[in-house]
Amino acid sequence: MPRTSEPGRSVSSRLLDLLFSFGPGEVELSLADLARKTGLPHPTARRLVLELVSAGALEKRANGRFAVGLRLWQLGTLAPLTESLRTMAQPVMEDLYAALHQHVQLAVLEGTEAVIIERLSARRALGLVSQVGGRLPLHCSGVGKVLLSHGGPVLTNKILESGLQRYTPRTITDPGVLRRELADCRRTGSALVDGELTKGADSIATRVMNYEGRVVAALSVVVRSGSVQRQAVLPSVIASGLGISRMLGWRPGIKARNG
């Protein structure tokens, strides 16, 4: 039975109850779900959930439900027994790096940007501005397009309405063209970006899915323009993304989910 709002319960205990409501098979919960599972009055649950969202411990999804936020995930990676996404992806990324000797990076969605959580780079590889922990725009980076294409219509509309900043002459700033690219990305699970964010840098990216088919990250290889045939590299990148997805419980037949 869920707890009720006993007068002796502290604010911190109520916050923890809300956070611990999430678990395998319950990665997204509505406000009503959280109030029911914790026994908190709906107004109290709403106030505390919004505080957790403001702090980054929870995030509000496009469908109005709530999920564990990036800042809470970052904190969880510090636990000695926690095998984070970054840790699980490391061997696969190392194999991809060994095969290509190019930048290999893993990114997740936070708000309206992609955050790089891991990168492997060769000394002689193309110089990039962003580093681990850095942020990339969604509309013109390889990992960004993968995450944006699976982020749902609310996120897409928000990005389009905010204006598509031009970073290079190749940056796509036409909303119609970008929508068509995102549709292709949802269909194929991959994105090819030709010098849109950094002049002279191409990106080959693919999605990483969990056991529900949710796209939880994007994996990419960044190469110097013209140095490799992107279509030749794409199968290796896709296979690597599926390899990480399998570690997260994904299996063939589980369709990618959007939003």
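Just above sits the structure.
Model, not experiment: these values are computed from the prediction. (Residues numbered from 1 in each chain as written. Predicted model: local features only at pLDDT ≥ 70, side-chain atom pairs only at ≥ 80, totals over all residues. Heavy atoms only, no water.)

K.L.:
Can you walk me through the sheet that holds strand S6 (residues 190–194) in this structure?
P.N.:
Pairing between sheet strands relies on hydrogen bonds along the backbone, with the strands arranged either parallel or antiparallel. Taken together, the 6 strands give an open sheet; going across it, the order is S5-S4-S3-S8-S7-S6, and neighbouring strands pair in antiparallel fashion. Both outer strands of the open sheet, strand S5 (135–137) and S6, are each paired with one neighbouring strand and no more. For this sheet, the mean angle separating the axes of adjacent strands, direction not counted, is 30 degrees. Sheet topology places S6 next to strand S7 (residues 201–209); 5 bridges connect them, and they run antiparallel. The partner of Asp-194 across the bridge, within S7, is Asp-202. On the sheet, helix H6 (residues 142–149) packs against strand S3 (103–110), strand S4 (113–120), S5, S6, S7 and strand S8 (215–224) and is oriented at approximately 155 degrees with respect to S8. (Pairing = 2+ DSSP bridges. Helix = DSSP H or I, 4+ residues; strand = E, 2+ residues; numbered from the N terminus. Axes fitted to C-alpha atoms, helices over the stretch in contact; angles between N-to-C directions. Contact = heavy atoms within 4.5 Å.)

K.L.:
Just checking my understanding: could you explain the environment of Arg-71 for this structure?
P.N.:
Turning to its location among the elements, Arg-71 is positioned in helix H4 (residues 70–76). A residue is classified by how much of its surface remains accessible, and Arg-71, at 53% relative accessible area, is exposed. Spatially, the C-alpha atoms of Arg-71 and Ala-57 are 5.5 Å apart, while their sequence positions differ by 14 residues. A distance of 3.3 Å separates a polar side-chain atom of Arg-71 from the backbone oxygen of Ala-55. (Buried < 20%, exposed > 50% of the residue type's maximum accessible area, 1.4 Å probe, protein only. Polar contact = N/O pair within 3.5 Å; in protein donor to acceptor, adjacent residues only side chain to side chain.)

Read these as geometric descriptors, not functional statements.
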